[in-house]
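Tertiary structure, described
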Amino acid sequence: METATRHHRSTSDVSQNRQTNTAVAADSPFPSLGRTVPSVLTESTVTKLGDRVETPAYDRHALTPSVVHLSVGGFARAHPILYFDDLAATGETGWGVIGVGMRSPAMGEVLRDQDGLYTVVERDRDGASARLVGALIDYLYLPDQPEQVADLLASPNTRLVTLTVTSEGYQTRPDMTTVRHDLATPGNPVTAAGLLVAALRRRRAEGTGPFTVLSCDNLDDSGAATRLAVLEFTGLLDAQTGEDLTSWVRENVTFPNGMVDRITPTTSPELRDQIEGEFGVPDRWPVVTEPFRQWVVEDDFCTERPPLERVGVQVVDDVTPWKVMKGRLLNGGHCALGYLGVLAALETTDQAMAEPVLSEYMSRLLREEIAPLLPELPGQDTDEYVTTTLDRIANPAIGDSLLRLCRRGSTKVPHHVLSSLGEARVAGRPHRLLLAALAGWLRFLRGEDMEGRPLTVEDSRAEDLRRAAHAGGDDPTTLLGFRDIFGDLADDADLVAELGDLLTRASRDGIRSMLAAVLDFDEEVR
Ligand SMILES: NC(=O)c1ccc[n+]([C@@H]2O[C@H](COP(=O)([O-])OP(=O)(O)OC[C@H]3O[C@@H](n4cnc5c(N)ncnc54)[C@H](O)[C@@H]3O)[C@@H](O)[C@H]2O)c1
Ligand SMILES: O=P(O)(O)OC[C@@H](O)[C@@H](O)[C@H](O)[C@H](O)CO
């Protein structure tokens, strides 16, 4: 098997950074590595890895850097970049990836130290396998290398920009400090939209033409959301400069919608150590994920489309039915389990799914209340999809933290949960289990579990929501007053009363008893 032996050079020289081995920065998940450590996984040590790790069977130096990925977190490494790695393994050399870090200096240090190499471990009940990914051929960190990032995005080589900047990364309100910063210094942006706009502005001026922008975040209509964020930004900028970048972007740039799916937990230091022990790979930041993965992409590329269909990506005209099915069943289910589970003092998804009342709740929530509202998806059996989804969520081999599922609720619950709730109300269908999920989020927003132990509410609106959650107590009216989140729910007196009843039961009897009552669950089984 051929492994990469030559260092790739494009816009930065990662090998220079590799020699420094500076201490891991404050955002590292590895406090035990908060000291100078030797970096052992590099291109030159790949050949020393044993046969428990699959290594790239292609020459990564032959890859042309034409994809730029913004914000390289766990999911980016387990999903989009892995697909480009698959593509490289088919002999296709045109789609190497350059990562651009925006907020995580620690990830940058690790990736640079490791020449962009990292390990993906797939695990489930049936076993585990590890693979080294070579498609990330370079990495730049925006706060330290703004000019190199600008040159990279302006380069004619760059044909596709992919993003995993989280659902909050698309917010472009002019009152946000970051947006104000980007408008004041458009040549030195810190937001994803600001960065894309600065690059597109330069490409227009230099006659380089557009690139395609493909969001890989879990957003309802990720293409439209990205387009909107960019156009909002160009609108604000045009008002300042008197240019008309907005029309150029409208006419030239495409933002394909996409559905991405692969449960990818946050890597903990313990997991990292376990992986080194199990596979003998000294990777400082491996990523652990499930074997399942799916990527459905709308065929709307303004530049050449990478032939991702060769590696299992579904390229379709309309992604909507896939998005709706996945978002409401998997992400909606995740929201419900996350909030209710952490309130019940549980830590991981498999722990929660091992509790009869929670697994019964999840099964009935997905089967009885969410699935019947879904559109037909030709070739997809919904019942089978639900069974697979529940099984994936319960995967005992990945230790997916419930708190990970609770992040950014104000951007997720409306899409993943309230959408089903709204439709069920209109259709006159049962929705008490959906209300229990909502009750879980409202209770979670107080920032403590049912025993009063603190829970971190990671949300850009945490402060306001938490204040309202405390002020309202078991009466949801105050929180439902955030109409941009909850729509008209506050106007439905029956729903408000039912939600209040669920919150009161949870406070009085605990989460498990509240759910048992909602399910009419057999006390013996409990
Ligand atoms: N983990 C999964 O199971 C999974 C599956 C499908 C989709 N996703 C989506 O991928 C995205 C990233 O998730 P992850 O699990 O990799 O998380 P992560 O925390 O590992 O990575 C997130 C990255 O985004 C950066 N970031 C955070 N806020 C940002 C902002 N406002 N602008 C720019 N960058 C920002 C962080 O620094 C980090 O590098 C999320 O939107 C998530 O919904 C995740
Ligand atoms: O990443 P978030 O915060 O949007 O949502 C948490 C999880 O539901 C999500 O990451 C899933 O694991 C993922 O969508 C599976 O494909």
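For the structure, see preceding data.
Residues numbered from 1 in each chain as written. Chains lettered and ligands numbered in written order. Predicted model: local features only at pLDDT ≥ 70, side-chain atom pairs only at ≥ 80, totals over all residues. Heavy atoms only, no water.

With respect to the sheet that holds strand β9 (residues 258–261)
Going by this rule: Two strands qualify as a pair provided that DSSP identifies no fewer than 2 bridges between them. Here a helix means four or more residues in a row that DSSP labels H or I, a strand means two or more in a row labelled E, and each is numbered from the N terminus. All axes are obtained by fitting lines to C-alpha atoms, using only the stretch in contact for helices, and the reported angles, taken between N-to-C directions, cover 0 to 180 degrees.
If you walk across this open sheet you meet the three strands as β9-β11-β12, and the pairing is mixed. Of all strands in the sheet, those with a lone pairing partner are β9 and β12 (314–316), marking the two edges. Across the sheet, the mean angle from the axis of one strand to that of its neighbour is 15 degrees, orientation sign disregarded.

Quick look at the packing of helix α8 (residues 222–241) against helix α9 (residues 245–252)
Selection rule: Orientation categories follow fixed angle ranges, with anything under 35 degrees roughly parallel, anything over 145 roughly antiparallel, 65 to 115 roughly perpendicular, and all other angles oblique. Two residues qualify as a contact provided that any one of their heavy atoms is within 4.5 Å of a heavy atom in the partner residue. Polarity classes work like this: nonpolar for Ala, Val, Leu, Ile, Met, Phe, Trp, Tyr, Cys and Pro, charged for Asp, Glu, Lys and Arg, and polar for all others, with Gly in that last group.
Between α8 and α9, the shortest axis-to-axis distance is 8 Å and the interhelical angle comes to 155 degrees. What the angle tells us is that α8 and α9 run roughly antiparallel. In this structure, α8 contributes R227, V230, L231, T234, G235 and D238 to the contact, and α9 contributes L245, T246, V249 and R250. Of the residues contributing to the contact of α8 with α9, the split by class is four nonpolar, three polar and three charged.

Section: helix α3 (residues 80–89)
Because an α-helix packs 3.6 residues into every turn, residues spaced three or four apart end up facing the same way. We apply this condition: Buried means the residue's accessible area, taken with a 1.4 Å probe over protein chains only, is under 20% of the maximum for its type, while exposed means over 50%, and partly exposed covers the values in between.
Taken across its ten residues, α3 has nine buried, putting it largely inside the fold. Where α3 is concerned, the buried positions are P80, I81, L82, Y83, F84, D85, D86, L87 and A88. Looking one or two places after α3, you find G91, whose phi comes out positive at around 100 degrees.

Considering empty space enclosed by the protein
Our working definition: Only protein atoms enter the 1 Å grid used here. Points where a 1.4 Å probe fits but cannot escape make up a cavity, open sets with protein on both sides within 12 Å along at least five of seven lines make up a pocket, and a residue lines them when an atom lies within 4 Å of a point. Grid points are joined across faces, edges and corners, and a volume is the space filled by probe spheres set on the points.
One pass over the full model with this rule turns up three cavities of 30 Å³ or more. Along the walls of the largest cavity sit D217, N218, L219, D220, G258, M259, V260, K323, K326, G327, N331 and H416, which together make up its complete lining. For the lining of the largest cavity, the element with the most residues is helix α11 (residues 320–343), which contributes four residues. By residue class, the composition of the lining of the largest cavity is three nonpolar, five polar and four charged.

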